[in-house]
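Remarks on the overall topology
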Amino acid sequence: MGCEGQGNWEGCKGQKVGYERQGKEGEGCKGQGKGEGCEGQGKREGCEGQGKGVGCEGQGKEEGCEGDGRSRTLTPLEKLNHDVTHDERTIKEVTLGRRIGFYRLRGQIGSGNFSQVKLGIHVLTKEKVAIKILDKSKLDQKTERLLSREIASMERLHHPHIIRLYEVIETLTRLHLVLEYAAGGELFTSVSTEGPLPEDLARKLFAQIVSAVQHMVSTGCGGTELRVR
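Computed from a predicted model, the values in this text were never measured in an experiment. (Residues numbered from 1 in each chain as written. Predicted model: local features only at pLDDT ≥ 70, side-chain atom pairs only at ≥ 80, totals over all residues. Heavy atoms only, no water.)

Where strand E2 (residues 103-111) meets strand E3 (residues 115-122), 6 bridges bridge the pair, whose relative direction is antiparallel. Looking at E3, one finds that Arg-104 is bridged to Ile-121. Between the antiparallel neighbours E2 and E3 lie 3 residues. Pairing between E3 and strand E4 (residues 128-135): 7 bridges, direction antiparallel. In the sheet register, Gln-116 faces E4, and the bridge partner there is Ile-133. The turn joining E3 and E4, which pair antiparallel and follow one another in sequence, is formed by 5 residues; a positive phi near 65° is taken by Lys-126. (Pairing = 2+ DSSP bridges. Helix = DSSP H or I, 4+ residues; strand = E, 2+ residues; numbered from the N terminus.)

Shown next as structure tokens:
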């Protein structure tokens, strides 16, 4: 004992126990690999800069901790993401088709040859959206091409008088197009049930249509015909 540079004895510089920069087994030393209470260590608890400890600054995997080890409250978005995979009620809603992504599904508001449209409500913002649901097993190659073109076109269009496409959510069996909700219904339905529109209202709607068509043409998405429906 008492010798500088020795390998195994106690009390010497460079030994395994009790000195700075020791290798793997010592306690209370700066820079060591596995000891307790040391700065920069790899795996123990309660240390600054450690890799997997609990409640520590700079740690790798612990959730809900700030730099000083104090727990913090999850943000609404973080809690929502957590509930999707951990909350039993949320998982049940998804399984039963009552929820997709961040939206709870309500009643049907429309239907087509290959799809149905349901009202959706965003869990956080409570904003209403229209969710177009398509059964992938019923789509042939031609319909898939048309759908892909429709999605690509809507992603390029940003205009106050054109329905917005917010996002597309795909599961194993279905496609969900999350669209802006138009609470006023279809113009075709209004004309069919109530007759011709008053001139002032018709002038206003026509101006909106012309503005929307101009935007579509300017982005290369212009169509060949216009229909009230």
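Once you've had a look at it, read on.
A few words now on the side chain of Arg-99. By secondary structure assignment, the location of Arg-99 is in strand E1 (residues 99-100). The exposure class of Arg-99 is buried, given its relative accessible area of 4%. Dropping the residues within four chain positions of it, Arg-99 is found in contact with Leu-80, Val-84, Thr-90, Glu-93, Val-94, Arg-104, Leu-105 and Val-123. (Buried < 20%, exposed > 50% of the residue type's maximum accessible area, 1.4 Å probe, protein only. Contact = heavy atoms within 4.5 Å.)

Two to three positions downstream of the cap, the backbone nitrogen of Arg-89 sits 3.4 Å from a side-chain oxygen, assigning the N-cap of helix H2 (residues 88-95) to Asp-87. With its phi angle positive at about 80°, Gly-97 sits one or two positions after the end of H2. (Polar contact = N/O pair within 3.5 Å; in protein donor to acceptor, adjacent residues only side chain to side chain.)

The quantities given are spatial measurements derived from coordinates; they are silent on function.
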